Amino acid sequence: MTDITTVKQRFGIIGTSPLLDRALEVALRVAPTDLTVLVTGESGVGKEFFPQVIHAYSARKHNKYIAVNCAAIPEGTIDSELFGHEKGAFTGALEARKGYFEEADGGTIFLDEVAELPHSTQARLLRVLQTGEFIRVGSSKVQKTNVRVVAATNVNLQEAIAKGRFREDLYYRLGTVPILVPSLRERPEDIPLLFRRFAADVAVQYRMPAVTLDDSAREMLMHYYWRGNIRQLKNVAEQISAIEQTRVISAEVLAKYLPPQGGGAPMAAGAPHPDDMTTERELLYKVLFDMRADINDLKRMMAELIQGTGRCPEPARDIKALLPTSTQSSFVPAVVPVASAYPHASAPVYAESEVVTDEPPREMTKADMQREQIVRALRRNNGRRREAAAELFMSERTLYRKIKELGIEEI
Ligand SMILES: Nc1ncnc2c1ncn2[C@@H]1O[C@H](COP(=O)(O)OP(=O)(O)OP(=O)(O)O)[C@@H](O)[C@H]1O
């Protein structure tokens, strides 16, 4: 049997706490079966690793793995996304389309935020779990599929059942094997390990020395409440790495990044998502973060030019790409190549038609900055929202909401 250390290394799962090991052990043990698994735990504890582990160590591993964020799909289209539709089933259904349950035949579907499914979809899901049968929207033909379902939620499903929001029969069917992922408070020994990993990742990504914690800061970190769990810890590590000049962090400095604990009920049904509370602040940090990396890149480019090497250190990342999209149209599109054509000139030489316009720069509002960051993250990830959300330190659900709110078009 595969040992847990191998699994952790393969998936980049940090932690040595017995509760985490126990959860991973259960995942490994049920992986080769076809049992349905329900992964629960507070927001930000790392539930997403579990369906991946289960799929990777199952006989289905060579077939499809499809992850669906149930909260991110509008209610009106979720049935068709999951189960497909026939041509003409609804306005805009110009072609017939397979749903995820048909696509993933022989594989695994991860239903994240399963508590967000509307009632009608819950009924369809129950049927496919019980019999393997489903019907495309607009069809009357019953089809069969062989899909293993792993679901996850941070919502207290018993409460949701009591409020009539979630079907009890579906709860029992989904939770054949329950896996509870521990909160960070239940595994304080993992906190310094996680912090070190996140700080090291930032250091590599932005080519800067990693921040470390002094004893007082480590103590504070381990006793903090961590409402948003690992996601919040990751945010803090990244913010500190980006903003602080000093690389050894004291408790005094750390305290600036930890919101007051007040109350501190963990994330549960109906509670505001930590992303919702901190997204704006974090996006602003991210602006600073990116600007600092850009400035470092520009400094390096300038140093190279001044030394007369005339070589752009990172050809893929030209100056235009470093500029906010809002200023790209009015800015010099290729300063470096023009200047490098005249390596002995004392100042950069601009092609005549490319000179910066006189237009006074428009002050960016907070919404502009947020839009900017989201657009950049989406571009960097070729429009993949999951990756962009991770980079922006927010859940996919929050990213979807922001995209809608800020009127960002498809990238
Ligand atoms: N043990 C771990 N080691 C390293 N990174 C982790 C670990 N657990 C979680 N993370 C990171 O923390 C972040 C949040 O994890 P994840 O998205 O899986 O949380 P979640 O439990 O699914 O939260 P939500 O219920 O809000 O969707 C991710 O960036 C993930 O990579």
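Rules used throughout
Residues numbered from 1 in each chain as written. Predicted model: local features only at pLDDT ≥ 70, side-chain atom pairs only at ≥ 80, totals over all residues. Near = placed C-beta within 6 Å. Helix = DSSP H or I, 4+ residues; strand = E, 2+ residues; numbered from the N terminus. Domains from an automatic or database assignment. Pairing = 2+ DSSP bridges. Axes fitted to C-alpha atoms, helices over the stretch in contact; angles between N-to-C directions. Expected span 1.5 Å × (residues − 1). Buried ≥ 20, exposed ≤ 12 C-beta atoms within 10 Å, placed from the backbone. Arc of directions from axis to C-beta. Contact = placed C-beta atoms within 7 Å.

An unreviewed UniProt entry annotates the protein as Regulatory protein, Fis family originating from Alistipes timonensis JC136.

With that settled, consider the site of the ligand. Around the ligand there are 18 residues in total, and I14, S43, G46, K47 and E48 lie nearest to it. Looking at the shell around the ligand, the element that brings in the most residues is helix α11 (residues 229–243), giving three residues. Counting the residues that make up the shell around the ligand, at least three belong to each of domain 1 (4–182) and domain 2 (188–271).

The five strands are arranged β2-β3-β6-β1-β7 in an open sheet whose pairing can be described as parallel. Each of the sheet's edge strands pairs with one partner strand only, and the pair in question is β2 (65–69) and β7 (177–180). The mean angle between the axes of side-by-side strands here comes to 15 degrees, regardless of whether they run parallel or antiparallel. Two elements, strand β3 (residues 108–112) and strand β6 (residues 148–153), share four bridges in a ladder whose sense is parallel. Bridging from a neighbouring strand, T108 pairs with R148 of β6.

The next subject is helix α9 (residues 191–205). The terminal C-alpha atoms of α9 lie 21 Å apart, and with 15 residues this matches the ideal 21 Å at 1.5 Å per residue to within 8%. Taken together, the buried positions of α9 are occupied by I191, L194, F195, F198, A199 and V202. Buried residues in α9, looked at end-on, bunch into an arc of 130 degrees, giving them a common side. On its buried side, α9 packs onto β8 (212–213), α10 (215–223) and α11. In the segment just after α9, R207 is the residue with positive phi, at about 50 degrees.

What follows covers the pairing of β3. Successive side chains on a regular strand alternate, one facing one side of the sheet and the next facing the other. The buried fraction of β3 is high, at five of five residues. Judged by which residues are buried, β3 turns out to be covered on both faces: T108, F110 and D112 on one side and I109 and L111 on the other are all buried.

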